[in-house]
Amino acid sequence: MRGFILCIQTCRDNEYQEDMRMSKKVIELNHDVRDYECMWCGMEFIYGNKTGEWVPDFGFFSMSGVGNFIYLKGENFRQAAWSNGMVNKMYDFMAPIVGFDYEYVEGLAFEEMIEKAKAEIDEGRPVILGPVDMYYLKYFAKIYRNMHIPMHYIMMTGYDEEKIYIIDGGVEQVQTLTYGEIKEALVSERTELGAGNG
């Protein structure tokens, strides 16, 4: 597995629910819809929950990538971003500015990655997962099984025996993915922005 998980170290203040009957563990975070800034939504939501100050849409995203530009053109989409597309470099740049600590973990097999993510959830820390291919995300009806967009990021906030709980900046409600679904979404091809996950 050559993708990554981002373990955010400064999030112990979040409300944490554990249902021992079902082995369900979920970190509750306030969040909203923030399309087209998936690699930053989780960080913006954590920052807002921790400080009570909500960053404007594209706030961290814009601050992390000024001076760089990417234009991607696919068969069915076009996307422009002010960034060099290297998420870990953007996080390195922003961490001291907004005051968060994190651990960037890559190169794990899927089972190891999920166990690492669960351990972080157990400590009350949400985890950014990515890149995932939106083709496999059932809650994006127009994209699901229709168009590969293999550079999306989601925030895992919980898990139970059958699924993980995620916040995705592209949708309002907390979503769930089975372990098979997230494994499939994480197994994406190499893109210009990074290595594939499988």
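Caption draft 1: Structural view of the nonpolar core. The biggest cluster of nonpolar side chains holds 55 residues, and the ones touching the most others in it are Trp40, Ile164 and Ile182. Ranked by residue count, the leading element in this core is helix H1 (residues 38–51), at seven residues. Setting aside anything within four residues of it in sequence, one finds Ile164 in contact with Leu129, Met156, Gly158, Tyr159, Gln175, Thr176, Leu177, Tyr179 and Ile182.

Caption draft 2: Local environment of the packing of helix H4 (residues 110–122) against helix H5 (residues 179–186). For the pair H4 and H5, interaxial distance at closest approach is 11 Å and the crossing angle is 115 degrees. Between H4 and H5 the crossing geometry is right-handed. In this structure, H4 contributes Phe110, Glu111, Met113, Ile114 and Lys118 to the contact, and H5 contributes Tyr179, Ile182, Lys183 and Leu186.

Caption draft 3: Main features of the side chain of Thr157. Summarising the element assignment, Thr157 is placed in strand S8 (residues 152–159). The contact partners of Thr157, leaving out residues within four places of it in the chain, are Lys25, Val26, Ile27, Leu29, Ile121, Pro126, Tyr165, Ile166 and Ile167.

Caption draft 4: Here's a closer look at the side chain of Glu44. Its place among the elements puts Glu44 in helix H1. By relative accessible area, Glu44 is classed as buried at 0%. Side-chain polar atoms of Glu44 contact the backbone nitrogen of Phe60, separated by 3.0 Å. Sequence-distant contacts of Glu44, that is, excluding residues within four places in its chain, are made with Arg34, Glu37, Trp54, Val55, Pro56, Phe58, Gly59, Phe60 and Phe61.

Caption draft 5: Looking closely at the confidence of the model for the protein. Across the protein, the average pLDDT comes to 78, with 72% of residues at or above 70. Looking across the protein, the model is least confident in strand S2 (residues 15–19), with a mean pLDDT of 48, and most confident in strand S10 (residues 175–178), with 97. Scored below 50 in pLDDT, residues 8–16 makes 39 contacts in the model with residues more than four places away or belonging to other chains. Segment residues 192–198 is flagged for pLDDT under 50; beyond a separation of four residues in sequence, or across chains, it makes 23 contacts in the model.

Caption draft 6: Summary view of the packing of aromatic side chains. Scanning the model with the defined rule gives six aromatic pairs in all. With 4.9 Å between their ring centres and 80 degrees between their planes, Tyr135 and Tyr136 make a pair best called edge-to-face. There is no split in this pair, since Tyr135 and Tyr136 are both buried. With a centroid separation of 4.9 Å and 45 degrees between ring planes, the pair formed by Tyr139 and Phe140 is classed as tilted. For the pair Tyr139 and Phe140, a shared accessibility class is recorded, and that class is buried. Three or more aromatic residues joined by ring pairs make a cluster, and in this case those are Trp40, Tyr47, Phe60, Tyr91 and Tyr102.

Caption draft 7: Just the pattern of salt bridges, in detail. Evaluated as defined, the whole model comprises 12 salt bridges. Linking Glu115 and Lys118 is a salt bridge whose minimum nitrogen-to-oxygen distance equals 3.7 Å. Within this pair, Glu115 and its partner Lys118 are both found in helix H4, separated by three residues, close to a single helical turn. Judged by relative accessible area, Glu115 falls into the partly exposed class, the value being 47%. Among the ionic pairs, Glu120 bridges to Lys116, the shortest N-O distance being 3.2 Å. A residue pair is termed a helical-turn pair when its members lie 3 or 4 positions apart in one helix, as Glu120 and Lys116 do in helix H4 at four residues. Look at Glu120 and you get buried, because its relative accessible area is 4%.

Calculation criteria
- The numbers attached to residues start from 1 for each chain and follow its sequence in the written order.
- The predicted origin of the model limits local features to residues at a pLDDT of at least 70 and limits the giving and counting of side-chain atom pairs to 80 or more, whereas totals for whole chains, interfaces and linings rest on all residues.
- Side-chain measures were taken over the full set of non-hydrogen atoms in the model, leaving aside hydrogen atoms and water.
- Residues grouped as a nonpolar core are buried Ala, Val, Leu, Ile, Met, Phe, Trp, Tyr and Cys residues, joined through side-chain atoms within 4.5 Å.
- Throughout, exposure labels follow a simple rule: accessible area from a 1.4 Å probe, protein chains only, divided by the maximum for the residue type, with under 20% read as buried, over 50% as exposed, and the rest as partly exposed.
- To qualify as a helix, a DSSP run of H or I must reach at least 4 residues; to qualify as a strand, a run of E must reach at least 2; elements of each kind are numbered from the N terminus.
- Throughout, a contact is declared for two residues whenever any of their heavy atoms are within 4.5 Å.
- Each axis is a line fitted through C-alpha atoms, taken for helices only over the stretch in contact, and angles between the N-to-C directions span 0 to 180 degrees.
- Crossing handedness follows the turn of the near helix against the far one: under a right angle anticlockwise gives a left-handed crossing, and clockwise gives a right-handed one.
- Two N or O atoms form a polar contact when they lie within 3.5 Å of each other; inside protein one atom must be a possible hydrogen donor and the other a possible acceptor, and for residues adjacent in sequence the pair counts only when both atoms belong to side chains.
- Scored from 0 to 100, pLDDT records how confident the predictor is in each individual residue.
- Side-chain rings of Phe, Tyr and Trp (the six-membered ring for Trp) are treated as a pair once their centres are within 6.5 Å; stacked means planes under 30 degrees apart, edge-to-face means over 60, and tilted covers the remaining angles.
- Any carboxyl oxygen of Asp or Glu that lies within 4 Å of a side-chain nitrogen of Lys or Arg is treated as forming a salt bridge with it.

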